[in-house]
Amino acid sequence: MRQMKKLALVAFSVMAAAPAFAAGDAGWTDLANTNMVVTLAFLLFVTFLGYMGVHKMLGTQLDNRADGIKSELEEARALREEAQTILATYERQQKEVAKQAERIVAHAKEEAANAAAAAKEDLKASIARRLANAEDQIVSAQAAAVKEVRDTAAQVAVAAARDVIAKQMTATEGNSLIDDAIKTVEAKLH
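Residues numbered from 1 in each chain as written. Predicted model: local features only at pLDDT ≥ 70, side-chain atom pairs only at ≥ 80, totals over all residues. Heavy atoms only, no water.

Enquirer: Got a sec to walk through the overall build of the protein? Specific residues and values, please.
Expert: Regarding its fold elements, the protein presents four helices and zero strands. Counting helices and strands in the order they occur from the N terminus, the protein gives α-α-α-α. In the form shown here, the protein has an accessible surface area of approximately 16500 Å², with 63% of it arising from carbon and sulfur atoms. (Helix = DSSP H or I, 4+ residues; strand = E, 2+ residues; numbered from the N terminus. Areas by Shrake-Rupley, 256 points an atom, 1.4 Å probe, with all protein chains shown as cover.)

Enquirer: Quick one: what's the story with the pattern of salt bridges, residue by residue and with numbers?
Expert: Under the criterion given, the structure shown has one salt bridge. Residues Asp 151 and Lys 147 are paired through a salt bridge, measuring 3.6 Å at the closest nitrogen-oxygen approach. You can see Asp 151 and its partner Lys 147 sitting in helix H3 (residues 54-168), four residues apart, about one turn around the helix. (Salt bridge = Lys/Arg side-chain N within 4 Å of Asp/Glu carboxyl O.)

Enquirer: Give a detailed account of the confidence of the model for the protein, specifying residues and quantitative values.
Expert: In the predicted model, the protein carries a mean pLDDT of 83, and 84% of its residues have values of at least 70. The secondary structure element of the protein with the lowest average pLDDT is helix H1 (residues 2-22), at 57, and the one with the highest is H3, at 90. (pLDDT = per-residue confidence, 0-100.)

Enquirer: A description of helix H2 (residues 34-52) should follow, citing residues and the corresponding values.
Expert: Its 19 residues place the ends of H2 27 Å apart at the C-alpha level, agreeing with the 27 Å of an ideal helix rising 1.5 Å per residue. Those residues of H2 that sit buried are Met 36, Thr 39 and Val 46. One face of H2 carries all of its buried residues, which in axial projection span an arc of 95°. Exposed and facing more than 90 degrees away from the buried side of H2 are Thr 34, Val 38, Leu 44 and Tyr 51. Where H2 begins, the capping side chain belongs to Asn 33, and its oxygen is found 3.1 Å from the backbone nitrogen of Asn 35. (Expected span 1.5 Å × (residues − 1). Buried < 20%, exposed > 50% of the residue type's maximum accessible area, 1.4 Å probe, protein only. Arc of directions from axis to C-beta. Polar contact = N/O pair within 3.5 Å; in protein donor to acceptor, adjacent residues only side chain to side chain.)

See the structure below:
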């Protein structure tokens, strides 16, 4: 590494001295040649910077900067991985929530269908009960009407018979009917 730095320094000084060789009239070693003086001053300045360790400080700062960039890259990579993990978690949760929502909707549809079927059956049963109730009321009303008609017919017949018998019967016949009725009742009671 050190040899490489020296080689770079020599190459740099040769490139810097190239303009001095181009100064035609004055020689390279002549102090009147300003190009040579500038080149020597530059070389002295670069040597002084090398002696003071500026290249080491620059290298250290560049290394520190590189380390900082590496740590920032690692931190960014860690943040990216964490973000991907969080994203994967949220996507998984989203899928679970979507599945749960589908299950809830399916369950709600099933319950609605069951409720509709139960309501339909309840309505049918209610209609059947009401029809049976109405039929019972009709039968009951019919029986009551028949009984009422029979009772009325019996009352009318008894009244008509009474009138007919009263007109045709004499007192002796009435007494004889009463006696027959008493005998019939006594025979049935014993």
